[in-house]
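# Topology and contacts: notes
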Amino acid sequence: MVKKLSDLSFAGKRVLVRVDFNVPLDASGRILSDARIRESLPTIQAILKGGGKPVLLSHLGRPKGKVVESLRLLPVAKRLSELLGSPVLYVKDCIGPEAEAASQALTKGQCLLLENLRFHDAEEAGDAEFAKALAKNGEIFVNDAFGAAHRAHASISGIGRLVPSAAGFLLQKELDAFARVLNEPARPFVAILGGAKVSDKLPVIQNLLPKIDTLIIGGAMAYTFLLQMGHKVGTSLVEKDLLPEAGRVILQAKNSGKRLLLPVDHICAAAFKADSPASVQPIDIPGSLMGLDIGPKTIAIYCDALKGSKTVIWNGPMGVFEMDAFCKGTEAVAHAVAATGAFTVVGGGDSVAAAEKTGIVAKLSHVSTGGGASLELLEGKVLPGVAVLG
Ligand code: AMP
């Protein structure tokens, strides 16, 4: 069982908190969105309220093991201090005597933000000695960085082995949402998978198929399935080496009485370009065209299949939603998901972007903040950052 914040007692203790302060910055180093800092406030405030002294750890950007001046966390410390309305101290390294002294000197109500973890390549290498050096800055560990929980980095899976640890509110919320979908879904349970590659989603399909009632497939990954079924797919994206696997999925769905929905028509163009003239094509795509979105009949079938569902998981767009000519399928499905009133979980960077573009985020039960981490949960894996929080 993953420990929760409420399972730990913070009074008087330095609490190492792995947060995700990987905020977008402009060219002059200004924070473009402080959403990630704001989202971490409930966990930090709960620790402060419990008499703990938060020592915050984060990565920012990709410094690749070197000190990069533009990727220092000082602007984040300033913003966090404004949001908390209390001082946030900052030191220019995340390990070593200066960090240790600063953490020891913390008084009640103060926070300390240590420097960008990825200035040390030992962080991403998951180095045990580096984890030990980080752990010297606290007596307890809280992980609240869901987006990095699938990485076996020193600050994610290393520290948790050394000191008592628990999940922060953000991580807990993600785990609870996925556990509800995967372990106790209200039925009917519909999964919608899309995006570019079957290879990325096959482990998800394999894990979900026994659990769901209906599997809706869209995006480029549909064409590998359609080709396997003997349809013409023109120049659409296909992963030929996965044709046998697609065949096995189709058979498995049939034998286990699951409904597997694939496109019956498409929006096609001659080239992968926003201004390439688009046309509706039937299930068999003429040789010179590629499928870039699901067609109107498919939209109607997919939206109808969502009606009455009680649990919906959606990962991956139905077409090239970034281009106006090929976004209608994704938008229609997004609205249909929002209208179900089901327990709805959207994961993966592109489907979250599509949900935001369509303006349905407020109507969803849970929008996951971690693309890679959410995919691994859907694959049925235990995340390295979660395994250590027992
Ligand atoms: P993924 O990261 O696997 O979820 O894939 C998302 C990407 O798949 C998006 O950038 C979409 O533009 C792309 N995509 C969706 N449908 C198609 C399609 N029919 N052909 C090519 N790319 C697609």
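The structure this text deals with has already been given above.
This text gives an overview of the structure that appears in the document. (Residues numbered from 1 in each chain as written. Predicted model: local features only at pLDDT ≥ 70, side-chain atom pairs only at ≥ 80, totals over all residues. Heavy atoms only, no water.)

## So, the sheet that holds strand β10 (residues 265–269)
In space, the 3 strands of this open sheet follow the order β11-β10-β12, with antiparallel pairing throughout. Only two strands of the sheet have a single neighbouring strand rather than two, namely β11 (279–282) and β12 (290–294). Between one strand axis and the next, the sheet turns through 50 degrees on average, direction left out of account. Where β10 meets β11, 4 bridges bridge the pair, whose relative direction is antiparallel. Residue pairing for β11: Ile 267 is matched across the bridge by Val 280. (Pairing = 2+ DSSP bridges. Helix = DSSP H or I, 4+ residues; strand = E, 2+ residues; numbered from the N terminus. Axes fitted to C-alpha atoms, helices over the stretch in contact; angles between N-to-C directions.)

## Thoughts on the site of the ligand
Taken together, 17 residues lie around the ligand, and Ala 196, Gly 291, Gly 319, Glu 322 and Asp 350 are the ones closest in. In this structure, Gly 291 approaches the ligand through a main-chain N or O atom, which is 2.9 Å from a nitrogen atom. For the ligand, an oxygen atom lies 3.4 Å from a polar atom in the side chain of Asp 350. Surface burial for the ligand is 83%, taken as the share of its 500 Å² of free accessible area covered by protein chains. Counting only elements with at least two residues in the shell around the ligand, the list comes to α9 (198–208) and β12. When its residues are assigned to classes, the shell around the ligand shows 8 nonpolar, 4 polar and 5 charged. (Near = heavy atom within 4 Å. Polar contact = N/O pair within 3.5 Å; in protein donor to acceptor, adjacent residues only side chain to side chain. Areas by Shrake-Rupley, 256 points an atom, 1.4 Å probe, with all protein chains shown as cover. Nonpolar A, V, L, I, M, F, W, Y, C, P; charged D, E, K, R; others polar.)

## Remarks on the packing of aromatic side chains
Each aromatic ring pair is described using two quantities: the centre-to-centre distance and the angle formed by the ring planes. If you walk through the whole model with that rule in mind, you get 1 aromatic pair. When the ring of Phe 146 is compared with that of Phe 178, the centres are 6.4 Å apart and the planes differ by 20 degrees; the resulting orientation is stacked. Of this pair, Phe 146 sits in the loop between β5 (140–143) and α7 (154–158) while Phe 178 is found in helix α8 (residues 169–183), placing the two residues 32 residues apart along the sequence. A single burial state applies to Phe 146 and to Phe 178, both of which are buried. (Phe/Tyr/Trp six-rings, centres within 6.5 Å; stacked < 30°, edge-to-face > 60°. Buried < 20%, exposed > 50% of the residue type's maximum accessible area, 1.4 Å probe, protein only.)

## Observations regarding the layout of surface pockets
By volume, the largest pocket is sized at about 630 Å³. Arg 36, Glu 39, Val 367, Ser 368 and Thr 369 are, among the 29 residues lining the largest pocket, the residues nearest its centre. Among the elements of the structure, α1 (35–39), α8, α14 (349–358) and β15 (366–367) are those that each provide at least two residues to the lining of the largest pocket. Here the lining of the largest pocket takes 4 residues from α14, the largest share from any one element. Residue assignment places the lining of the largest pocket across two domains, with domain 1 (5–170) and domain 2 (185–378) each supplying three or more. (1 Å grid on protein atoms, 1.4 Å probe; cavity = no way out; pocket = protein on both sides within 12 Å on 5 of 7 lines; lining within 4 Å. Points joined across faces, edges and corners; volume = space filled by probe spheres on them. Domains from an automatic or database assignment.)

## With respect to unusual backbone geometry
With an omega of 5 degrees, the peptide bond running from Arg 187 to Pro 188 counts as cis. As for its placement among the helices and strands, Pro 188 is situated in the loop between α8 and β7 (189–193).

## Some thoughts on the environment of Ala 362
With respect to the secondary-structure elements, Ala 362 resides in the loop between α14 and β15. Remark: the alpha-carbon pair of Ala 362 and Lys 136, spanning 226 residues in sequence, is separated by 41 Å.

## Let's talk about the side chain of His 366
Here His 366 shows up in strand β15. For His 366, a relative accessible area of 4% puts it in the buried group. Here the side chain of His 366 touches Glu 174 through a polar contact of 2.8 Å, side chain to side chain. Apart from residues lying up to four places away in sequence, His 366 is in contact with Lys 173, Glu 174, Ala 177, Phe 178, Thr 344, Val 345 and Val 346. (Contact = heavy atoms within 4.5 Å.)

## Observations regarding the pattern of salt bridges
Across all of its chains, the model carries 16 salt bridges by this definition. The residue Arg 72 makes a salt bridge to Glu 69 at a minimum N-O spacing of 2.9 Å. Among the residues examined, Glu 69 registers a relative accessible area of 55% and is labelled exposed. Where Asp 213 meets Arg 187, a salt bridge forms, and the shortest distance between an N and an O atom there is 3.0 Å. On the criterion of sequence distance, the pair formed by Asp 213 in the loop between α9 and β8 (214–217) and Arg 187 in the loop between α8 and β7 is long-range, its members being 26 residues apart. When its relative accessible area of 43% is taken as the criterion, Arg 187 is described as partly exposed. Within the structure, one salt-bridge network assembled from shared partners comprises Asp 34, Arg 38, Arg 79 and Glu 82. (Salt bridge = Lys/Arg side-chain N within 4 Å of Asp/Glu carboxyl O.)

## Digging into the sheet that holds strand β2 (residues 53–57)
Pairing between the strands of a sheet is mediated by backbone hydrogen bonds and can be parallel or antiparallel. Spatially, β3-β4-β2-β1-β5-β6 is the arrangement adopted by the 6 strands of the open sheet, whose pairing is parallel. The open sheet terminates on both sides in strands that have one partner only, identified here as β3 (88–90) and β6 (165–167). Between one strand axis and the next, the sheet turns through 25 degrees on average, direction left out of account. Here 2 bridges tie β2 to strand β4 (residues 111–113), and the two strands are oriented parallel to one another. Across the sheet, residue Val 55 finds its bridge partner in β4, namely Leu 112. Contacting β1 (14–18), β2, β4 and β5, helix α2 (residues 41–49) crosses the sheet at an angle of about 150 degrees to β2.

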